[in-house]
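Here are the chains, one letter per residue:
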Amino acid sequence: QPLKNITHLYLGTKIGNKGLEYIKVLPNLTELGLEWTKVNDDGIVHLAAMKNLKNFSIRCTHISDVGIEKLKKCFPDCLIYHSDLEEAKHHEFLFN
């Protein structure tokens, strides 16, 4: 379990909801970057157990306003950086 001590993790554009299943077992994670990933509202369930998160970036993902509100409730003390869905669609067009 050498990865259990990771505190900061920034993931690339290829990760989606399924990939989040593998990071939910990192109990010491305090900062998570999911910018420009394929994660959407369905992936939020995998993050709920990560109670040590303090900074969380979901800029240019497919997480909706509803999903952002769910994250804010789940992580009330966490700084959540996000952008709107239209910006995410624009970046998806650029990066595909």
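Since the model is a prediction, treat every value here as computed from it, not as a measurement. The written sequence of each chain sets the order in which its residues are numbered from 1. Local features are withheld for residues below a pLDDT of 70 in this predicted model, meaning they are given only at 70 or higher, and side-chain atom pairs are given and counted only at 80 or more; totals for whole chains, interfaces and linings count all residues. To get the side-chain values, take all heavy atoms of the structure and skip hydrogens and water.

Peer 1: Just checking my understanding: could you explain the side chain of Thr61 for this structure?
Peer 2: Positionally, Thr61 belongs in the loop between strand S3 (55-57) and helix H2 (65-74). Residue burial is assigned from relative accessible area. The probe radius is 1.4 Å, only protein chains are included, and a residue is buried under 20% of its type maximum, exposed over 50%, and partly exposed in between. Residue class for Thr61 comes out buried when judged on its relative accessible area of 2%. Separated by 2.9 Å, the side chain of Thr61 and the backbone oxygen of Ile58 make a polar contact. Per the convention used, a helix needs a DSSP run of H or I reaching at least four residues, while a strand needs a run of E reaching at least two, with both numbered from the N terminus. Whenever two N or O atoms come within 3.5 Å, that pair is a polar contact, provided that in protein one can donate a hydrogen and the other can accept it, and provided that, for residues adjacent in sequence, both atoms are side-chain atoms.

Peer 1: Please explain the packing of aromatic side chains as it appears in this structure.
Peer 2: Any pair of aromatic rings gets described here by the distance separating the centres and the angle formed by the planes. Any two of the Phe, Tyr and Trp rings considered here, Trp counted by its six-membered ring, make a pair once their centres fall within 6.5 Å; the pair's planes then place it as stacked at under 30 degrees, edge-to-face at over 60, or tilted in between. The full count for this structure, using the stated rule, is one aromatic pair. Of note, Lys51 hangs over the ring of Phe75, and the distance from its end group to the ring centre comes to 5.8 Å. We call a charge positioned over a ring when the NZ of a Lys or the CZ of an Arg lies within 6 Å of the ring centre and within 35 degrees of the ring normal.

Peer 1: Help me understand the pattern of salt bridges, please; the structure alone is not making it clear to me.
Peer 2: Here the idea is simple: oppositely charged side chains can pair when their charged atoms come close. A pair is scored as a salt bridge if a Lys or Arg side-chain nitrogen falls within 4 Å of a carboxyl oxygen belonging to Asp or Glu. Using the criterion set out here, one finds two salt bridges in the structure. Across the salt bridge formed by Lys72 and Glu69, the nearest N and O atoms sit 3.7 Å from each other. Within this pair, Lys72 and its partner Glu69 are both found in helix H2, separated by three residues, close to a single helical turn.

Peer 1: Looking at this structure, how should I read unusual backbone geometry?
Peer 2: Glycine aside, residues mostly have negative phi, and peptide bonds are mostly found in the trans state. A positive phi angle, near 60°, is found at Trp36, a position not held by glycine. For Trp36, a relative accessible area of 38% translates into the label partly exposed.

Peer 1: How should I be thinking about H2 in this particular structure?
Peer 2: Along an α-helix, residues three or four positions apart point the same way, because every turn accommodates 3.6 residues. Taken together, the buried positions of H2 are occupied by Gly67, Ile68 and Leu71. Seen along its axis, H2 keeps its buried residues to an arc of 100°; they face one direction. Opposite the buried face of H2, by more than 90 degrees, sit the exposed residues Asp65, Val66, Lys70 and Lys73. An arc is given here, and it is the one of the directions from the helix axis to the C-beta atoms.

Peer 1: I'm lost on the sheet that holds strand S1 (residues 8-10) in this one. Help?
Peer 2: Sheet strands pair by backbone hydrogen bonding; their relative direction is either parallel or antiparallel. Taken in spatial order, the four strands of this open sheet run S1-S2-S3-S4, and their pairing is parallel. Edge positions in the sheet fall to S1 and strand S4 (79-81), since each of these pairs with one other strand and no more. Neighbour-to-neighbour, the strand axes of the sheet open up by a mean angle of 5°, direction not taken into account. Here the rule is simple: two strands pair whenever DSSP picks up at least two bridges between them. What counts as an axis is a line fitted to C-alpha atoms, over the stretch in contact for a helix, and the angles between N-to-C directions run from 0 to 180 degrees.

Peer 1: Whenever I open this one, the state of the cysteines confuses me. Can you help?
Peer 2: Throughout this description, disulfide means a covalent bond between two cysteine sulfur atoms. By convention in this document, the label disulfide applies to cysteine sulfur atom pairs within 2.5 Å. What the rule picks out here adds up to zero disulfides. Residue Cys74 stays outside any disulfide, its sulfur separated by 9.5 Å from that of Cys78, the closest cysteine. The exposure class assigned to Cys74 is partly exposed, which follows from its relative accessible area of 22%.

Peer 1: Any chance you could explain the side chain of Thr37 here in plain terms?
Peer 2: Mapped onto the elements of the fold, Thr37 is located in the loop between strand S2 (31-33) and S3. Thr37 sits in the buried class, given a relative accessible area of 2%. Contact criterion: two residues are considered in contact whenever any of their non-hydrogen atoms come within 4.5 Å of each other. In this structure, Thr37 is in contact with Leu11, Gly12, Thr13, Ile15, Cys60, Thr61 and His62, ignoring residues within four places of it in sequence.

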